[in-house]
Every structure is written in structure tokens, then in C-alpha cells.
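Residue-level structural notes
Listed below are the residues making up each chain.
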Amino acid sequence: MIDGLDPVIHAPKRLAAMAVLANATTVTFRFLKDYLEVTDSDLSKHMSALENAGYVTTTKTGHGRGATTTYRMTKAGEHAYTTHRDALRTLLDGPK
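Presented here is a report on the structure given in the accompanying data block. All figures in this text were calculated on a predicted structure; none of them were measured in a lab.

Section: the overall build of the chain
- On a plain count of helices and strands, the chain comes out with 5 helices and 3 strands.
- Along the chain, helices (α) and strands (β) appear in the sequence α-α-β-α-α-β-β-α when read from the amino end.
- The dimensions of the chain, computed from C-alpha atoms along their principal axes, are 55 × 25 × 20 Å.
- Within the chain, the proportion of its 96 residues that are buried is 32%.
- For the chain, long-range pairs separated by at least 24 residues make up 55% of all intrachain contacts whose partners lie at least 6 apart in sequence.
- By element, 53% of the accessible surface of the chain is carried by carbon and sulfur atoms, the whole surface being about 6300 Å².
- Charged side chains in the chain number 12 positive and 10 negative. The centres of these two groups are separated by 5 Å.

Side note on the layout of surface pockets
- Size it by volume and the largest pocket reaches roughly 200 Å³.
- Thr 28, Phe 29, Arg 30, Lys 33, Asp 40, Ala 67, Thr 68 and Thr 69 together form the lining of the largest pocket.
- Of all elements in the fold, only helix H3 (29-36) and strand E3 (68-73) reach the threshold of two or more residues within the lining of the largest pocket.

Let's talk about the packing of helix H2 (residues 12-22) against helix H4 (residues 40-52)
- Packing of H2 against H4 leaves a shortest axis separation of 10 Å and a crossing angle of 70°. Our classification of the angle between H2 and H4 gives roughly perpendicular. Contacts between H2 and H4 pair Lys 13, Arg 14, Ala 17, Met 18 and Leu 21 from the former with Asp 42, His 46, Met 47, Ala 49 and Leu 50 from the latter.
- Considered class by class, the residues forming the contact of H2 with H4 number 6 nonpolar, 1 polar and 3 charged.

What counts, and at which threshold
- Once a new chain begins, its residue numbering starts again from 1 and follows that chain's sequence as written.
- pLDDT decides what is reported in this predicted model: residues at 70 or higher carry local features, side-chain atom pairs at 80 or more are listed and counted, and totals for whole chains, interfaces and linings draw on all residues regardless.
- The side-chain numbers reported here are obtained from all heavy atoms of the structure, hydrogens and water having been left aside.
- Helix and strand assignments follow DSSP, with helices taken as H or I runs no shorter than four residues and strands as E runs no shorter than two, numbered in order from the N terminus.
- Three exposure classes are used, based on accessible area relative to the maximum for each residue type with a 1.4 Å probe and protein chains only: buried under 20%, partly exposed in between, and exposed over 50%.
- By definition, residues are in contact when any of their heavy atoms lie within 4.5 Å.
- Values of accessible area rely on a 1.4 Å probe in the Shrake-Rupley scheme; residue burial ignores everything except the protein chains shown.
- Here the positive residues are Lys and Arg and the negative ones are Asp and Glu; neither His nor the chain ends is included.
- Charge positions come from single atoms, namely NZ of Lys, CZ of Arg, CG of Asp or CD of Glu.
- Buried and open spaces are told apart on a 1 Å grid over the protein atoms alone, a cavity being a set of points where a 1.4 Å probe fits but cannot get out and a pocket being an open set with protein on both sides within 12 Å along at least five of seven lines. Residues with an atom within 4 Å of a point are the lining residues.
- Grid points are joined across faces, edges and corners, and a volume is the space filled by probe spheres set on the points.
- Only C-alpha atoms enter the line fits that serve as axes; for helices the fit covers just the stretch in contact. Angles between N-to-C directions range over 0 to 180 degrees.
- Here roughly perpendicular refers to angles of 65 to 115 degrees, roughly parallel to angles under 35, roughly antiparallel to angles over 145, and oblique to all remaining angles.
- The nonpolar class holds Ala, Val, Leu, Ile, Met, Phe, Trp, Tyr, Cys and Pro. Asp, Glu, Lys and Arg form the charged class, and all remaining residues, Gly among them, are polar.

Keep in mind these numbers describe shape, not what the thing actually does.
Below, the structure is given as C-alpha cells:
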């Protein structure tokens, strides 16, 4: 029944971040922080977990206060997100 659920993605803030990334080519740290209404440290922690799993890549440009961090979903991330989303739908739809 829970086959396909990914514990890395399942955390609500990570799932929300992956949903945003699934609908965009790239997303900035600032956009995700504002959209998800989380602190810098909270977002950093969750995005690091996704990056460590190989689900997102991080690009940093500039230095200091003018620096920009951008995230992109990887192919592995796309596959994991789609599999997780489909497993959630199956679980929520219940037995047929």
C-alpha cells in the first residue's frame, strides 16, 4: 500500500519544494523561502537533504549579499517526485 512513498520527499516542506521545482526550470532560494514561508536555515536544511539524495542541484552565483542560490530538479528527482506523487494518489484514493 505504501510502495513508492519516498521518505526524503515525504516531509511536507520538501514535498512542497519538489512540487514547485516540478513546475519550473529553476527556482531561487529567495522565491522558495517566500513561497513556502520558511526561515533561511529551515529551507537550507531541507534543500540540502534533497541535494544529498540527488534530487536537486544547487548553483550559486555572486558573492556576499549579492549572491543568488538557484535550484534545479534532476532527472532522478523528477522520477522520485512522480513516483511519490503517484503513490500518494493511490493511497488517498483508497481501495477500489
